[in-house]
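# Structural characterization, general
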Amino acid sequence: MAYTEVSREQATELLDAAGLADLVSISPLEGGWANSNFQLLLVDGSRVVLKVWNERTPEQVKELIGHTCWIAEHGFPTPVPLQLNNGERVLTKDGLAWMLLPFVDAGWLDSDSDSLYSLGKVMAQLHEIPVCDGLSSSYYMGFKLWEEMLEHANAGGAWSPFLRQLEQEVGQLKTDIPDDLPNSIIHGDLFPDNVLGMSGKVLTVLDFEEICVGANALDLVMAFVGFGWQDGEPVTERWQAILSGYESVRKITETERTALPILHRFATLSVAAWRYWQFVMNIPDTEHTDRYLEMTARLDKTLPF
């Protein structure tokens, strides 16, 4: 969905700033639950993606670009924003960061065994990259967001059964999640609309908005939350494919293996919390208002680990 409309004139301004060919057409792209994304077709036949950051300040976006460039320099398949004529990779318009990205001609990664094996392998390769300077150790979609939501509810008296559940879960999860899990750079949001692939292989990973230094196993279970369920039920074969691909590069420890169920609960509630924040508290009354319920319905299911 698009939160910011982009005119031909605005798109042309950004193309000119990058020294690219003239615009033929502009069309919205799927995905982008917190940003606005458009495909630009140019007269030379090439295509680029125009992205408007709706929920990050230009300063935050520039910091994120630095982290993205770091992992790309270490061979990780993720697109780096195009450099503009002034040497920057961001154009600030009306307080929002606008950028151009290479267009990858591929669809969302499928959930077949080969695709998920590839996803697990690529994920483990990310976890092998050295941590760069300035990277936060706080996973925003987790406890930080939950506590902001609870403060907001307390200030406005806007409590609900889901927010009460989050309130109850925070203390228990903080106690139950081990604090000595192996950690590294994690993506934190490996859902299908953040991974492009073709013929059973990951081509590129998008949207490192939740990038941080975190538990490697959290990335593993978040990928399963995103890719491993069908019709409200966990699919064991999908988990096995993700884990096999991951362990072809890096074996998980027994501590990680033991922590998988509690991390999965944390990951599932984190997705539910973000959806509740975005579509109930932040942008209410859309067709996505009940999207968080897809996650809460999973909490009592038997998992394949």
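Look above for the structure.
Report follows, based on the coordinates. Because the structure is a prediction, the values reported are computed rather than measured. (Residues numbered from 1 in each chain as written. Predicted model: local features only at pLDDT ≥ 70, side-chain atom pairs only at ≥ 80, totals over all residues. Heavy atoms only, no water.)

## Here's the deal with the environment of valine 61
Quick reminder of the rule: A run of H or I in DSSP counts as a helix once it spans at least four residues, and a run of E counts as a strand once it spans at least two, with each numbered from the N terminus. When checking whether two residues touch, look at their non-hydrogen atoms; a contact exists if any pair is within 4.5 Å.
With respect to the helices and strands, valine 61 occurs in helix H2 (residues 58-73). Separated by 28 residues in sequence, valine 61 and tryptophan 33 place their C-alpha atoms 16 Å apart. Residues contacting valine 61, with those up to four places away along its chain left out, are Trp53, Arg56, Val90, Ala97 and Met99.

## Some thoughts on the pattern of salt bridges
A pair can form between side chains of opposite charge whenever their charged atoms are brought close. Operational definition: In the sections that follow, a salt bridge refers to a side-chain nitrogen of Lys or Arg positioned within 4 Å of a carboxyl oxygen of Asp or Glu. Exposure is judged per residue with a 1.4 Å probe applied to protein chains only, and the accessible area is read against the type maximum: over 50% gives exposed, under 20% gives buried, and values in between give partly exposed.
The tally for this structure, following the rule as stated, stands at 13 salt bridges. Measuring nitrogen to oxygen at the nearest pair gives 2.9 Å for the salt bridge that ties lysine 51 to aspartate 207. Here aspartate 207 lies in the loop between strand S9 (201-205) and strand S10 (212-215) and lysine 51 lies in strand S3 (residues 47-53), a separation of 156 residues in the sequence. A single burial state applies to lysine 51 and to aspartate 207, both of which are buried. The salt bridge involving glutamate 233 is made with lysine 301; its shortest N-O contact spans 2.7 Å. With glutamate 233 in strand S12 (residues 233-234) and lysine 301 in the segment after helix H9 (292-296), this pair connects stretches of sequence that are 68 residues apart. Through salt bridges with shared partners, a single ionic network connects Glu247, Glu254 and Arg257.

## Details of the nonpolar core
As a rule of thumb, nonpolar side chains are buried together in soluble globular proteins. Test applied: Note on terminology: a nonpolar core comprises buried Ala, Val, Leu, Ile, Met, Phe, Trp, Tyr and Cys residues joined through side-chain atoms within 4.5 Å.
Of all hydrophobic cores here, the largest spans 82 residues; its most connected members are Trp146, Phe162 and Leu166. No other element matches helix H8 (residues 254-282), which puts 13 residues into this core. Filtering out sequence-adjacent residues up to four positions away, leucine 166 remains in contact with Trp146, Met149, Leu150, Leu269 and Ala273. Counting 16 residues, the second largest nonpolar core, distinct from the first, contains Val6, Phe38, Leu91 and Leu100.

## Side note on the packing of aromatic side chains
Put simply, the rule is: Each pair of aromatic rings taken from Phe, Tyr and Trp, with Trp reduced to its six-membered ring, is defined by centres within 6.5 Å and is described as stacked if the planes are under 30 degrees apart, edge-to-face if over 60, and tilted in the remaining cases. A positively charged side chain is recorded as over a ring if its NZ (Lys) or CZ (Arg) lies within 6 Å of the ring centre. The angle to the ring normal must also be within 35 degrees.
By the definition in use, this model includes 13 aromatic pairs. Ring plane angle 50° and centroid distance 5.1 Å describe the contact between phenylalanine 162 and tyrosine 292, whose orientation is recorded as tilted. Placement of the pair is phenylalanine 162 in helix H5 (residues 161-176) and tyrosine 292 in helix H9, with a sequence separation of 130 residues. A residue is classified by how much of its surface remains accessible, and phenylalanine 162, at 5% relative accessible area, is buried. Judged by centre distance (5.0 Å) and plane angle (85°), the rings of tyrosine 276 and tyrosine 292 are edge-to-face. Taken together, the residues span a long stretch of sequence, with tyrosine 276 in helix H8 and tyrosine 292 in helix H9 at a distance of 16 residues. For tyrosine 276, a relative accessible area of 7% corresponds to the buried category. Members of the aromatic cluster, joined through ring pairs, are Tyr139, Phe143, Trp146 and Phe266. Note that lysine 51 overlies the ring of tryptophan 53, its terminal NZ or CZ placed 5.0 Å from the centroid. Sitting above the plane of the tryptophan 98 ring, lysine 93 keeps its charged end 5.4 Å from the centroid.

Taken by themselves, the reported measurements are silent on function.
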